[in-house]
Amino acid sequence: MTLLQRLLAEMATANDRLLTTAASLSDDDVLLPSRLPGWSRGHVLVHVARNADSHVNLLTWARTGVVTPQYPSPAVREQQIESRAALPAAEHVADLRDSVARLDAAIRDHPEQAWQAPVAGLRPPPHPAWYIVVRRLRELGMHHVDLGAGYRPSDWADAFVRRELNDCLMTWSREHSTVSAVRFTGSSRTPWHDLGQGPEVEGAPTDVLAWLTGRSAGEGVKVVPVGRSSRPGAAGQDLPPAPPWLTMTAPADLPATPPKDYP
């Protein structure tokens with residue numbers, strides 16, 4: 001199985017799980033606050049649907065060579081979300097399902113050679129078209145948690161956690177770092193060193209990813225003082241603020257051709 005085949009199989013599962021959650025929501029449920037400040041669950045669902053359409057735009061760019069922006073502008077993106085956030089639950093589900101089908105069709109019909117074509121999101125850097133699938137998986141995984149409807153970071157697939165931690169490290173900003181190193185408990189994952197200023201922290205890979213991406217307050221992540229294995233006390237106690245999360249677009253210098261595996 002190629003990398004793209006594995007990613008697409010993962011995406012099919014992620015789509016099904018999100019659609020199942022969305023279908024469980026009532027009209028009142030979609031109006032409730034999500035885990036994202038200022039957004040209801042309806043805002044999140046519209047965003048995920050329009051994000052699918054935005055990736056169809058990028059695939060069109062890659063296939064035709066004609067610059068087709070992911071979104072016309074940040075302002076238009078926000079207007080699209082606001083205008084549909086209060087729709088009834090059934091309309092959200094239908095919208096999400098239709099957008100998933102459009103993206104699936106665009107991926108299915110995408111020429112093999114066009115996966116190498118460079119495209120760009122709202123923020124740099126540009127990236128090869130194959131990374132669109134990674135970005136879409138990120139949107140599905142993170143925003144499913146953001147719905148606050150029962151899906152949690154602990155539900156993330158191991159492959160998702162491994163890939164997103166890889167990209168967190170690849171896009172790390174030493175200038176804005178709040179930690180100097182990260183150890184991963186219960187895992188053979190290599191520790192991260194020389195990250196910048198701040199204490200060393202440790203936690204299970206999923207807990208670290210949730211903290212780094214703003215999907216937790218640091219539960220399961222602890223500061224490691226010099227000369228001691230771990231700071232006593234509740235999980236997350238004495239943690240610095242999480243460093244800025246920079247991987248909503250793409251790492252720099254990705255291979256143009258889909259690699260054998262990623263990461």
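The residue numbering used here restarts from 1 in each chain and proceeds along that chain's sequence as written. Per-residue local features are limited, in this predicted model, to residues with pLDDT of at least 70; the limit for side-chain atom pairs, both in listing and counting, is 80 or more; totals at the level of whole chains, interfaces and linings are taken over all residues. Only heavy atoms go into the side-chain values, all of them from the structure, while hydrogens and water stay out.

## With respect to the overall build of the protein chain
Here is step 1 of the chain: If you tally the helices and strands in the protein chain, you get eight helices and five strands.
Here is step 2 of the chain: What you see for the protein chain is a C-alpha radius of gyration of 19 Å, in line with the 18 Å of a compact globule of 263 residues.
Here is step 3 of the chain: For the protein chain, the spread of C-alpha atoms along the three principal axes comes to 55 × 45 × 35 Å.
Here is step 4 of the chain: Scored against the burial criterion, the 263 residues of the protein chain give a buried share of 49%.
Here is step 5 of the chain: It only takes one pair of heavy atoms within 4.5 Å for two residues to be counted as in contact. Residue pairs in contact within the protein chain that sit at least 24 positions apart in sequence constitute 61% of those at least 6 positions apart.
Here is step 6 of the chain: To be clear on the numbers: accessible area is Shrake-Rupley with a 1.4 Å probe, and residue cover counts the displayed protein chains and nothing else. Just so you have it, the protein chain exposes about 12,200 Å², and 54% of that area is on carbon and sulfur atoms.
Here is step 7 of the chain: Here the protein chain contributes 26 positive and 29 negative side-chain charges, whose respective centroids are spaced 3 Å apart. Secondary structure elements are defined from DSSP: runs of H or I of at least 4 residues count as helices, runs of E of at least 2 residues count as strands, and each element is numbered from the N terminus. Based on C-alpha atoms, the radius of gyration is set beside the globule rule, defined as 2.2 Å times the residue count to the power 0.38. Relative accessibility under 20% of the residue-type maximum defines a buried residue, over 50% an exposed one, and the middle range a partly exposed one, all with a 1.4 Å probe and only protein chains included. Here Asp and Glu are counted as negative and Lys and Arg as positive; His is not counted, and neither are the chain ends. Charged side chains are reduced to one point each, which is NZ for Lys, CZ for Arg, CG for Asp and CD for Glu.

## Quick notes on the environment of Leu165
Here is step 1 of the chain: Along the polypeptide, Leu165 turns up in helix H7 (residues 158-170).
Here is step 2 of the chain: Each C-alpha atom of the pair Leu165 and Val46 lies 26 Å from the other, and the pair is 119 residues apart in sequence.
Here is step 3 of the chain: In contact with Leu165, not counting residues within four places along its chain, are Phe184, Arg189, Trp192, Pro205, Val208, Leu209 and Leu212.

## Remarks on the confidence of the model for the protein chain
Here is step 1 of the chain: When pLDDT is averaged along the protein chain, the result is 94, and 96% of the positions lie at 70 or above.
Here is step 2 of the chain: Here residues 230-236 is a poorly scored stretch, pLDDT under 50, and it has 18 contacts once near neighbours within four places are set aside; other chains count. The quantity called pLDDT is the predictor's confidence in a given residue, expressed from 0 to 100.

## A word on the side chain of Asp167
Here is step 1 of the chain: On the secondary structure map, Asp167 appears in helix H7.
Here is step 2 of the chain: Residues adjacent in sequence count toward polar contacts only when both atoms are side-chain atoms; beyond that, a polar contact is any pair of N or O atoms within 3.5 Å, and within protein one must be able to donate a hydrogen and the other to accept it. Within the structure, the side chain of Asp167 is placed 2.4 Å from the side chain of Tyr131, a separation counted as a polar contact.
Here is step 3 of the chain: A polar atom in the side chain of Asp167 sits 2.9 Å from the side chain of Asn166.
Here is step 4 of the chain: Other than its neighbours up to four places away in sequence, Asp167 contacts Tyr131, Val134, Arg138, Thr247, Pro251 and Tyr262.

## Observations regarding the pairing of strand E4 (residues 200-203)
Here is step 1 of the chain: The side-chain alternation of E4 yields two buried faces, one formed by Glu200 and Glu202 and the other by Val201 and Gly203.
Here is step 2 of the chain: Here, a strand pair is defined by DSSP locating no fewer than two bridges between the strands. Pairing of strand E3 (residues 181-184) with E4, which is carried by four bridges, proceeds in the parallel orientation. For Val182, the partnering residue across the bridge sits in E4 and is Val201.
Here is step 3 of the chain: Pairing between E4 and strand E5 (residues 221-224): four bridges, direction antiparallel. What sits directly across from Glu202, in E5, is Lys222.

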